[in-house]
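Okay, here's what each chain looks like letter by letter:
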Amino acid sequence: MVQNGQVVARRAYGMADLERGVAATPETDYRLASVSKQFTAMSIMLLAKDAKLRYDQPIRDFLAELPPATQPVTVRHLLNHTSGIWDYEALIPESRTAQLNDDDVLTLVASRDSLTTAPGTAYCYSNSGYVLLGMIVARVSKMSFPEFVRTRIFVPVGMPSSVAHVEGVDTVPRRAYGYSPRSGSFVQTDQSVTSATLGDGGIYSNVDDLVRWDQALADGTLIDRASLTEATTPPLLPGGPSEYGFGWFVDRYRGEERWRHTGETSGFRNAILRFPERKLTIIILTNRSSGEPQAIGERIADRFLFR
(Lines give C-alpha, C1' and ligand atoms only; values in the text may rest on other atoms or scores of the structure.)
Protein backbone atom coordinates (compact mmCIF):
# COMPACT_ATOMS: atom_id res chain seq x y z
CA MET A 1 0.00 0.00 0.00
CA VAL A 2 1.23 3.48 -0.92
CA GLN A 3 0.08 6.62 0.88
CA ASN A 4 1.34 10.11 0.02
CA GLY A 5 4.09 8.59 -2.11
CA GLN A 6 5.41 6.37 0.69
CA VAL A 7 5.09 2.60 1.04
CA VAL A 8 3.29 2.07 4.34
CA ALA A 9 2.62 -1.66 4.04
CA ARG A 10 4.58 -4.30 2.09
CA ARG A 11 3.69 -7.88 2.94
CA ALA A 12 3.74 -11.37 1.46
CA TYR A 13 1.94 -14.46 2.68
CA GLY A 14 1.80 -18.12 1.68
CA MET A 15 3.59 -19.92 -1.10
CA ALA A 16 4.67 -18.91 -4.60
CA ASP A 17 5.41 -22.50 -5.64
CA LEU A 18 3.91 -25.35 -3.65
CA GLU A 19 5.69 -28.11 -5.59
CA ARG A 20 9.15 -26.69 -4.83
CA GLY A 21 8.30 -25.26 -1.41
CA VAL A 22 9.09 -21.66 -2.41
CA ALA A 23 7.54 -19.05 -0.12
CA ALA A 24 6.02 -15.87 -1.51
CA THR A 25 7.92 -12.63 -0.90
CA PRO A 26 7.25 -9.02 -1.95
CA GLU A 27 9.65 -9.70 -4.86
CA THR A 28 7.52 -12.57 -6.19
CA ASP A 29 6.17 -12.00 -9.70
CA TYR A 30 2.49 -12.71 -10.32
CA ARG A 31 0.59 -12.97 -13.57
CA LEU A 32 -1.36 -9.70 -13.59
CA ALA A 33 -4.12 -10.94 -15.93
CA SER A 34 -6.36 -7.98 -16.82
CA VAL A 35 -4.40 -5.60 -14.61
CA SER A 36 -2.05 -5.77 -17.63
CA LYS A 37 -4.50 -3.71 -19.68
CA GLN A 38 -3.28 -0.42 -18.20
CA PHE A 39 0.17 -1.12 -19.68
CA THR A 40 -1.30 -1.94 -23.08
CA ALA A 41 -3.28 1.29 -22.94
CA MET A 42 -0.16 3.25 -21.94
CA SER A 43 1.68 1.74 -24.91
CA ILE A 44 -1.00 3.09 -27.23
CA MET A 45 -0.85 6.46 -25.48
CA LEU A 46 2.91 6.63 -26.01
CA LEU A 47 2.46 5.92 -29.73
CA ALA A 48 -0.19 8.65 -29.88
CA LYS A 49 2.27 10.98 -28.13
CA ASP A 50 4.81 10.05 -30.83
CA ALA A 51 2.21 10.90 -33.51
CA LYS A 52 2.41 7.32 -34.78
CA LEU A 53 -1.35 6.81 -34.46
CA ARG A 54 -4.53 8.63 -33.51
CA TYR A 55 -7.15 7.48 -31.00
CA ASP A 56 -9.92 8.02 -33.55
CA GLN A 57 -8.08 6.19 -36.33
CA PRO A 58 -9.78 3.08 -37.79
CA ILE A 59 -8.15 -0.10 -36.54
CA ARG A 60 -8.24 -1.60 -40.03
CA ASP A 61 -5.48 0.88 -40.88
CA PHE A 62 -3.27 -1.40 -38.81
CA LEU A 63 -5.08 -4.74 -38.94
CA ALA A 64 -6.18 -5.16 -42.55
CA GLU A 65 -7.13 -8.78 -41.86
CA LEU A 66 -10.22 -7.66 -39.97
CA PRO A 67 -13.55 -7.97 -41.82
CA PRO A 68 -15.50 -5.06 -43.36
CA ALA A 69 -17.92 -4.90 -40.42
CA THR A 70 -15.09 -3.54 -38.26
CA GLN A 71 -14.39 -0.55 -40.52
CA PRO A 72 -16.09 1.96 -38.13
CA VAL A 73 -14.11 0.66 -35.14
CA THR A 74 -11.39 3.01 -33.90
CA VAL A 75 -8.46 2.66 -31.53
CA ARG A 76 -10.44 4.61 -28.93
CA HIS A 77 -13.31 2.11 -29.16
CA LEU A 78 -10.89 -0.71 -28.32
CA LEU A 79 -9.46 1.23 -25.38
CA ASN A 80 -12.91 1.97 -23.96
CA HIS A 81 -14.44 -1.47 -24.61
CA THR A 82 -17.05 0.11 -26.89
CA SER A 83 -15.96 -1.52 -30.17
CA GLY A 84 -18.66 -4.17 -30.44
CA ILE A 85 -16.00 -6.70 -31.50
CA TRP A 86 -16.72 -10.23 -30.36
CA ASP A 87 -14.84 -11.43 -27.30
CA TYR A 88 -12.56 -14.17 -28.59
CA GLU A 89 -13.28 -16.41 -25.61
CA ALA A 90 -16.81 -16.86 -26.96
CA LEU A 91 -15.39 -17.96 -30.32
CA ILE A 92 -12.94 -20.65 -29.15
CA PRO A 93 -14.02 -24.11 -30.36
CA GLU A 94 -14.88 -26.42 -27.48
CA SER A 95 -12.43 -28.97 -28.86
CA ARG A 96 -9.49 -26.53 -28.61
CA THR A 97 -6.78 -27.65 -26.17
CA ALA A 98 -3.69 -25.80 -27.47
CA GLN A 99 -3.07 -22.32 -26.13
CA LEU A 100 -4.04 -19.39 -28.31
CA ASN A 101 -1.55 -16.72 -29.24
CA ASP A 102 -2.36 -13.23 -30.50
CA ASP A 103 -2.41 -14.32 -34.15
CA ASP A 104 -4.97 -17.00 -33.25
CA VAL A 105 -7.15 -14.34 -31.64
CA LEU A 106 -6.96 -12.17 -34.76
CA THR A 107 -8.00 -15.16 -36.86
CA LEU A 108 -10.97 -15.88 -34.60
CA VAL A 109 -12.12 -12.26 -34.56
CA ALA A 110 -11.64 -11.95 -38.34
CA SER A 111 -13.90 -14.95 -38.85
CA ARG A 112 -16.95 -12.95 -37.69
CA ASP A 113 -17.97 -10.24 -40.16
CA SER A 114 -20.35 -8.70 -37.65
CA LEU A 115 -20.35 -6.73 -34.41
CA THR A 116 -22.30 -7.24 -31.21
CA THR A 117 -23.20 -3.51 -31.02
CA ALA A 118 -22.56 -0.42 -33.12
CA PRO A 119 -19.15 1.04 -32.23
CA GLY A 120 -19.27 3.77 -29.61
CA THR A 121 -22.82 3.05 -28.52
CA ALA A 122 -22.43 0.56 -25.65
CA TYR A 123 -19.85 -0.68 -23.15
CA CYS A 124 -19.04 -4.38 -23.44
CA TYR A 125 -15.85 -5.63 -21.83
CA SER A 126 -13.83 -7.44 -24.48
CA ASN A 127 -10.45 -9.12 -24.12
CA SER A 128 -10.29 -9.20 -27.91
CA GLY A 129 -9.93 -5.43 -28.01
CA TYR A 130 -6.82 -5.44 -25.85
CA VAL A 131 -5.21 -8.33 -27.73
CA LEU A 132 -5.74 -6.29 -30.91
CA LEU A 133 -4.30 -3.19 -29.22
CA GLY A 134 -1.17 -5.16 -28.35
CA MET A 135 -0.88 -6.21 -31.98
CA ILE A 136 -1.31 -2.60 -33.11
CA VAL A 137 1.53 -1.60 -30.77
CA ALA A 138 3.77 -4.20 -32.40
CA ARG A 139 2.88 -3.28 -35.96
CA VAL A 140 3.16 0.47 -35.49
CA SER A 141 6.37 0.39 -33.45
CA LYS A 142 8.03 -2.38 -35.51
CA MET A 143 8.87 -4.03 -32.17
CA SER A 144 7.32 -7.00 -30.44
CA PHE A 145 4.82 -6.07 -27.75
CA PRO A 146 7.06 -7.47 -24.97
CA GLU A 147 10.01 -5.44 -26.27
CA PHE A 148 7.95 -2.26 -26.55
CA VAL A 149 6.63 -2.38 -23.00
CA ARG A 150 10.10 -3.21 -21.73
CA THR A 151 11.89 -0.36 -23.51
CA ARG A 152 9.17 2.31 -23.32
CA ILE A 153 7.60 1.56 -19.92
CA PHE A 154 9.44 -0.88 -17.68
CA VAL A 155 12.97 0.48 -18.19
CA PRO A 156 12.10 4.21 -17.93
CA VAL A 157 9.91 3.65 -14.88
CA GLY A 158 12.39 1.29 -13.21
CA MET A 159 10.42 -1.95 -13.21
CA PRO A 160 13.16 -4.60 -13.62
CA SER A 161 11.00 -7.54 -12.58
CA SER A 162 8.15 -6.88 -15.00
CA VAL A 163 7.77 -8.72 -18.30
CA ALA A 164 5.16 -9.44 -20.95
CA HIS A 165 5.84 -13.14 -20.74
CA VAL A 166 6.20 -15.45 -23.73
CA GLU A 167 6.90 -19.06 -22.75
CA GLY A 168 10.17 -20.31 -24.22
CA VAL A 169 11.36 -16.78 -25.04
CA ASP A 170 11.89 -15.23 -21.61
CA THR A 171 11.84 -16.29 -17.99
CA VAL A 172 10.10 -15.04 -14.87
CA PRO A 173 12.81 -15.69 -12.24
CA ARG A 174 10.69 -15.23 -9.10
CA ARG A 175 7.52 -16.60 -10.60
CA ALA A 176 4.42 -17.44 -8.63
CA TYR A 177 2.42 -20.34 -10.01
CA GLY A 178 -1.35 -20.31 -9.94
CA TYR A 179 -3.45 -22.71 -7.86
CA SER A 180 -7.06 -23.62 -7.22
CA PRO A 181 -8.58 -25.08 -4.05
CA ARG A 182 -9.77 -28.64 -4.46
CA SER A 183 -10.85 -31.25 -1.90
CA GLY A 184 -9.27 -29.43 1.01
CA SER A 185 -5.97 -28.87 -0.76
CA PHE A 186 -4.61 -26.93 -3.74
CA VAL A 187 -3.81 -28.07 -7.26
CA GLN A 188 -1.74 -26.15 -9.78
CA THR A 189 -3.94 -24.45 -12.39
CA ASP A 190 -1.33 -22.06 -13.72
CA GLN A 191 -2.23 -22.18 -17.40
CA SER A 192 -5.33 -22.38 -19.56
CA VAL A 193 -6.05 -22.20 -23.27
CA THR A 194 -6.18 -18.38 -22.98
CA SER A 195 -3.00 -17.89 -20.90
CA ALA A 196 -0.60 -17.13 -23.77
CA THR A 197 -2.15 -13.95 -25.18
CA LEU A 198 -0.39 -10.67 -24.40
CA GLY A 199 -2.21 -7.34 -24.60
CA ASP A 200 -5.21 -8.46 -22.57
CA GLY A 201 -3.38 -10.05 -19.65
CA GLY A 202 0.12 -11.37 -20.30
CA ILE A 203 2.26 -9.27 -17.96
CA TYR A 204 4.01 -10.56 -14.83
CA SER A 205 5.03 -8.10 -12.12
CA ASN A 206 5.43 -7.70 -8.38
CA VAL A 207 4.28 -5.21 -5.79
CA ASP A 208 7.58 -3.30 -5.75
CA ASP A 209 7.45 -2.65 -9.50
CA LEU A 210 3.79 -1.68 -9.30
CA VAL A 211 4.64 0.88 -6.64
CA ARG A 212 7.08 2.44 -9.12
CA TRP A 213 4.36 2.34 -11.78
CA ASP A 214 1.98 4.11 -9.42
CA GLN A 215 4.57 6.80 -8.77
CA ALA A 216 5.17 7.24 -12.50
CA LEU A 217 1.46 7.88 -12.98
CA ALA A 218 1.49 10.43 -10.17
CA ASP A 219 4.64 12.16 -11.45
CA GLY A 220 3.79 12.21 -15.15
CA THR A 221 6.96 10.25 -15.96
CA LEU A 222 5.65 8.84 -19.24
CA ILE A 223 2.85 11.16 -20.35
CA ASP A 224 1.66 14.59 -19.34
CA ARG A 225 -1.23 15.25 -17.00
CA ALA A 226 -3.62 16.31 -19.77
CA SER A 227 -3.11 12.99 -21.56
CA LEU A 228 -3.66 11.07 -18.34
CA THR A 229 -6.85 13.04 -17.70
CA GLU A 230 -8.13 12.04 -21.13
CA ALA A 231 -7.24 8.41 -20.39
CA THR A 232 -9.21 8.45 -17.14
CA THR A 233 -12.31 10.18 -18.50
CA PRO A 234 -14.77 7.47 -19.57
CA PRO A 235 -16.93 8.23 -22.62
CA LEU A 236 -20.50 9.40 -22.45
CA LEU A 237 -22.56 6.78 -24.30
CA PRO A 238 -26.12 7.02 -25.65
CA GLY A 239 -27.35 4.99 -22.68
CA GLY A 240 -25.45 7.07 -20.13
CA PRO A 241 -21.89 7.40 -18.84
CA SER A 242 -19.44 4.53 -18.97
CA GLU A 243 -16.95 3.71 -16.22
CA TYR A 244 -14.01 2.60 -18.39
CA GLY A 245 -11.26 4.86 -19.64
CA PHE A 246 -7.99 3.65 -21.19
CA GLY A 247 -7.11 0.49 -19.25
CA TRP A 248 -8.80 1.65 -16.03
CA PHE A 249 -12.25 1.53 -14.55
CA VAL A 250 -12.92 5.03 -13.22
CA ASP A 251 -15.66 5.50 -10.64
CA ARG A 252 -16.29 6.82 -7.16
CA TYR A 253 -16.07 4.82 -3.95
CA ARG A 254 -17.86 6.34 -0.97
CA GLY A 255 -17.63 9.69 -2.73
CA GLU A 256 -13.92 9.46 -3.57
CA GLU A 257 -12.56 9.28 -7.12
CA ARG A 258 -11.16 5.83 -7.79
CA TRP A 259 -9.19 4.18 -10.59
CA ARG A 260 -9.32 0.43 -10.35
CA HIS A 261 -8.82 -2.82 -12.15
CA THR A 262 -8.99 -6.47 -11.25
CA GLY A 263 -7.30 -9.37 -12.98
CA GLU A 264 -8.62 -12.92 -13.03
CA THR A 265 -7.13 -15.84 -14.91
CA SER A 266 -6.36 -19.48 -14.29
CA GLY A 267 -4.92 -19.57 -10.77
CA PHE A 268 -4.65 -15.82 -10.14
CA ARG A 269 -6.81 -13.04 -8.63
CA ASN A 270 -5.44 -9.48 -8.42
CA ALA A 271 -6.59 -5.93 -7.81
CA ILE A 272 -5.19 -2.41 -7.90
CA LEU A 273 -7.15 0.52 -6.45
CA ARG A 274 -5.93 4.11 -6.81
CA PHE A 275 -7.51 7.03 -5.01
CA PRO A 276 -5.63 9.84 -6.78
CA GLU A 277 -7.20 12.73 -4.88
CA ARG A 278 -6.29 11.10 -1.57
CA LYS A 279 -2.90 9.79 -2.78
CA LEU A 280 -3.65 6.24 -1.68
CA THR A 281 -2.98 3.13 -3.78
CA ILE A 282 -3.65 -0.46 -2.74
CA ILE A 283 -2.15 -3.38 -4.67
CA ILE A 284 -3.09 -7.00 -3.96
CA LEU A 285 -1.65 -9.90 -5.99
CA THR A 286 -2.66 -13.52 -5.32
CA ASN A 287 -1.94 -16.87 -6.95
CA ARG A 288 -5.18 -18.68 -6.19
CA SER A 289 -8.40 -18.83 -8.17
CA SER A 290 -10.57 -17.82 -5.25
CA GLY A 291 -10.89 -14.87 -2.94
CA GLU A 292 -11.88 -11.28 -3.59
CA PRO A 293 -8.83 -8.99 -3.65
CA GLN A 294 -10.86 -5.92 -4.62
CA ALA A 295 -13.13 -6.39 -1.61
CA ILE A 296 -10.04 -6.74 0.59
CA GLY A 297 -8.66 -3.56 -0.94
CA GLU A 298 -11.89 -1.74 -0.22
CA ARG A 299 -11.77 -2.79 3.43
CA ILE A 300 -8.22 -1.42 3.62
CA ALA A 301 -9.40 1.83 2.01
CA ASP A 302 -12.25 2.02 4.52
CA ARG A 303 -9.73 1.94 7.34
CA PHE A 304 -7.33 4.52 5.91
CA LEU A 305 -9.73 6.93 4.22
CA PHE A 306 -12.94 6.78 6.20
CA ARG A 307 -12.08 5.97 9.79
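Everything here concerns the structure above.
The text that follows walks through the structure, step by step, so that each part is easy to find.

What counts, and where the lines are drawn
- Residues numbered from 1 in each chain as written.
- Predicted model: local features only at pLDDT ≥ 70, side-chain atom pairs only at ≥ 80, totals over all residues.
- Heavy atoms only, no water.
- Buried < 20%, exposed > 50% of the residue type's maximum accessible area, 1.4 Å probe, protein only.
- Helix = DSSP H or I, 4+ residues; strand = E, 2+ residues; numbered from the N terminus.
- Pairing = 2+ DSSP bridges.
- Phe/Tyr/Trp six-rings, centres within 6.5 Å; stacked < 30°, edge-to-face > 60°.
- Lys NZ or Arg CZ within 6 Å of the ring centre and 35° of its normal.
- Expected span 1.5 Å × (residues − 1).
- Arc of directions from axis to C-beta.
- Contact = heavy atoms within 4.5 Å.
- Axes fitted to C-alpha atoms, helices over the stretch in contact; angles between N-to-C directions.
- Polar contact = N/O pair within 3.5 Å; in protein donor to acceptor, adjacent residues only side chain to side chain.

## A few points about the pairing of strand β15 (residues 280-286)
- Counting buried residues along β15, seven of its seven residues qualify, which places the element largely inside the surrounding structure.
- Every second residue of β15 is oriented toward a common face, with Leu 280, Ile 282, Ile 284 and Thr 286 on one face and Thr 281, Ile 283 and Leu 285 on the other, all of them buried.
- Sheet analysis places strand β1 (residues 2-3) next to β15, joined by two bridges and oriented antiparallel. Bridge pairing links Gln 3 to Leu 280 in β15.
- Pairing geometry for strand β14 (residues 268-275) and β15, over seven bridges, is antiparallel. Each bridged residue has a counterpart across the sheet, and for Ala 271 the counterpart in β15 is Ile 284.
- Connecting the antiparallel pair β14 and β15 is a turn made up of four residues, with Lys 279 showing a positive phi of about 55°.

## Comments concerning the pairing of strand β8 (residues 185-188)
- As paired strands, strand β7 (residues 179-182) and β8 are joined by four bridges and run antiparallel to one another. Residue pairing for β8: Ser 180 is matched across the bridge by Val 187.
- Between β7 and β8, which pair antiparallel one after the other, the connecting turn spans two residues, and Ser 183 there sits at a positive phi close to 55°.

## So, the packing of aromatic side chains
- Under the counting rule described, the total for this entry stands at 10 aromatic pairs.
- Where Phe 39 meets Phe 154, the ring centres are 5.8 Å apart and the plane angle is 65°; that geometry is what we call edge-to-face. Pair noted here: Phe 39 is in helix α1 (residues 37-49) and Phe 154 is in helix α5 (residues 145-157), with a separation of 115 residues, a long-range link.
- Ring pairs connect the aromatic residues Tyr 123, Tyr 125, Tyr 244 and Phe 249, which therefore count as one cluster.
- The side chain of Arg 254 reaches across the aromatic face of Phe 306, ending 4.2 Å from its centre.

## Some points on helix α8 (residues 293-305)
- In a regular helix each residue adds 1.5 Å, so 13 residues correspond to 18 Å; α8 covers 18 Å between its end C-alpha atoms and thus fits that length.
- Within α8 the residues assigned to the buried category are Pro 293, Gln 294, Gly 297, Glu 298, Ala 301 and Leu 305. All buried residues of α8 fall inside an arc of 140° around its axis, so they share one side. Opposite the packed face of α8, turned more than 90 degrees from it, sit the exposed residues Arg 299 and Arg 303.
- Packed against the buried residues of α8 are β12 (249-253), β13 (256-265), β14 and β15.

## Remarks on α1
- With 13 residues, α1 extends 18 Å between its outermost C-alpha atoms, agreeing within 8% with the 18 Å of an ideal straight helix rising 1.5 Å per residue.
- Most of α1 is tucked away, with 11 of its 13 residues classed as buried.
- Of all the residues in α1, the buried ones are Lys 37, Gln 38, Phe 39, Thr 40, Ala 41, Met 42, Ser 43, Ile 44, Met 45, Leu 46 and Leu 47.

## Some words on the sheet that holds β12
- Read across the open sheet, the six strands follow the order β2-β1-β15-β14-β13-β12; overall the sheet is antiparallel. In the strand order of this sheet, the two ends are held by β2 (6-7) and β12, each with one partner.
- Pairing of β13 with β14 involves seven bridges; the strand directions are antiparallel. Directly across from Arg 260, in β14, lies its bridge partner Leu 273.
- Against the sheet, α8 contacts β1, β12, β13, β14 and β15, and its axis sits at roughly 150° relative to β15.

## Quick look at the side chain of Ser 43
- Within the fold, Ser 43 resides in helix α1.
- Of the polar contacts made by the side chain of Ser 43, one reaches the backbone oxygen of Phe 39; its length is 2.9 Å.
- Those residues in contact with Ser 43 that lie beyond four places of it in its chain are Val 137, Phe 145, Phe 148, Val 149 and Ile 153.

## Re the side chain of Asn 270
- Within the element layout of this structure, Asn 270 appears in strand β14.
- Separated by 2.8 Å, the side chain of Asn 270 and the backbone oxygen of Arg 31 make a polar contact.
- Looking at Asn 270, its side chain comes within polar contact range of the main-chain oxygen of Leu 32, at 3.3 Å.
- Beyond its immediate chain neighbours, meaning those up to four positions away, Asn 270 contacts Arg 31, Leu 32, Ala 33, Val 35, His 261, Thr 262, Gly 263, Ile 284, Leu 285, Thr 286 and Pro 293.

Honestly, that's just the spatial picture; any functional story needs more than this.
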